[in-house]
Amino acid sequence: MADKSPPATPQQYWFPAKTYGWGWGLPITWQGWLVFLAALALFACGAFLFPPQDSLARYIIYEAAIVAVLIFICQMKGEPTTWRWGKKK
C-alpha cells in the first residue's frame, strides 16, 4: 500500500546565514521582520523600564535577556550558520 502523506515542504528560513563571518543577516520573511522589530522595540523600552542611571545591573540583565531570546529564535528559525568566507566560485 502506498504512503498517502503529502510531500514534505522545504523549510523556509526566517533569517539567512551571513555571507561573511558567522551569524545571520536581516530577516527574509514577515515573521522574521516581526521578531526583529519586536526586539528593537523591547531594546528601546529597556531604557524607560530600567533607566541605566538608576539600576544599571537590571538594565544590562534585561538587554542581555532580549539578545539571548533573539539568538535562540535565530538558531531555531534561521539558516544553519558556520564561519563563511563569502561566495565560493
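Here the structure is shown first, and the text comes after it.
Caption draft 1: A look at the overall build of the protein. Tallying secondary structure elements over the protein gives two helices and two strands in all. Starting at the N terminus, the α and β elements of the protein follow one another as β-α-α-β. Counting only contacts in the protein whose residues sit at least 6 apart along the sequence, the fraction spanning at least 24 positions is 52%. If you sum the accessible surface of the protein, you get close to 7000 Å²; carbon and sulfur atoms cover 70% of it.

Caption draft 2: Highlighting a nonpolar patch on the surface. Together, Leu26, Trp33, Leu37 and Leu40 make up an exposed nonpolar region whose accessible area comes to about 380 Å². Considering the arrangement of structural elements, one finds Leu26 in the loop between strand 1 (20–21) and helix 1 (30–49). Overall, Leu26 belongs to the exposed group, its relative accessible area being 52%.

Caption draft 3: Seen up close, the environment of Thr81. Relative to the elements of secondary structure, Thr81 occurs in the loop between helix 2 (56–77) and strand 2 (84–85). C-alpha of Thr81 to C-alpha of Trp24: the two residues are 57 residues apart in sequence and 7.3 Å apart in space. Residues in contact with Thr81, not counting those within four places in the same chain, are Ala17, Trp22, Gly23 and Trp24. Of the polar contacts made by the side chain of Thr81, one reaches the backbone nitrogen of Gly23; its length is 3.1 Å.

Caption draft 4: Quick look at the packing of aromatic side chains. All chains considered together, the criterion is met by four aromatic pairs. Between Trp22 and Trp24, the aromatic rings sit 5.2 Å apart at their centres with planes inclined by 65°, giving edge-to-face as the arrangement. Seen in terms of ring centroids, Phe50 and Tyr62 are 5.3 Å apart; in terms of plane orientation they differ by 50°. Their pairing is tilted. Residue Phe50 is located in the loop between helix 1 and helix 2, and its partner Tyr62 is located in helix 2; the two are separated by 12 residues in the primary sequence.

Caption draft 5: Looking closely at the nonpolar core. One finds Trp14, Phe15, Trp24, Val35, Ala39, Tyr62, Ile66, Leu70 and Cys74 forming the largest nonpolar core, which totals nine residues. Where this core is concerned, the elements lending two or more residues are helix 1 and helix 2. With four residues, the single largest contributor to this core is helix 2. Trp24 has contacts with Phe15, Pro16, Ala17, Lys18, Ile71, Cys74, Gln75, Gly78, Glu79 and Thr81, leaving out every residue within four places of it along the chain.

The rules behind the values
Residues numbered from 1 in each chain as written. Predicted model: local features only at pLDDT ≥ 70, side-chain atom pairs only at ≥ 80, totals over all residues. Heavy atoms only, no water. Helix = DSSP H or I, 4+ residues; strand = E, 2+ residues; numbered from the N terminus. Contact = heavy atoms within 4.5 Å. Areas by Shrake-Rupley, 256 points an atom, 1.4 Å probe, with all protein chains shown as cover. Patch = residues over 30% accessible without salt bridge, like charges linked within 9 Å, V, L, I, M, F, W, Y side chains within 5 Å. Salt bridge = Lys/Arg side-chain N within 4 Å of Asp/Glu carboxyl O. Buried < 20%, exposed > 50% of the residue type's maximum accessible area, 1.4 Å probe, protein only. Polar contact = N/O pair within 3.5 Å; in protein donor to acceptor, adjacent residues only side chain to side chain. Phe/Tyr/Trp six-rings, centres within 6.5 Å; stacked < 30°, edge-to-face > 60°. Core = buried A, V, L, I, M, F, W, Y, C linked by side-chain atoms within 4.5 Å.

This is a description of form; function is not addressed.
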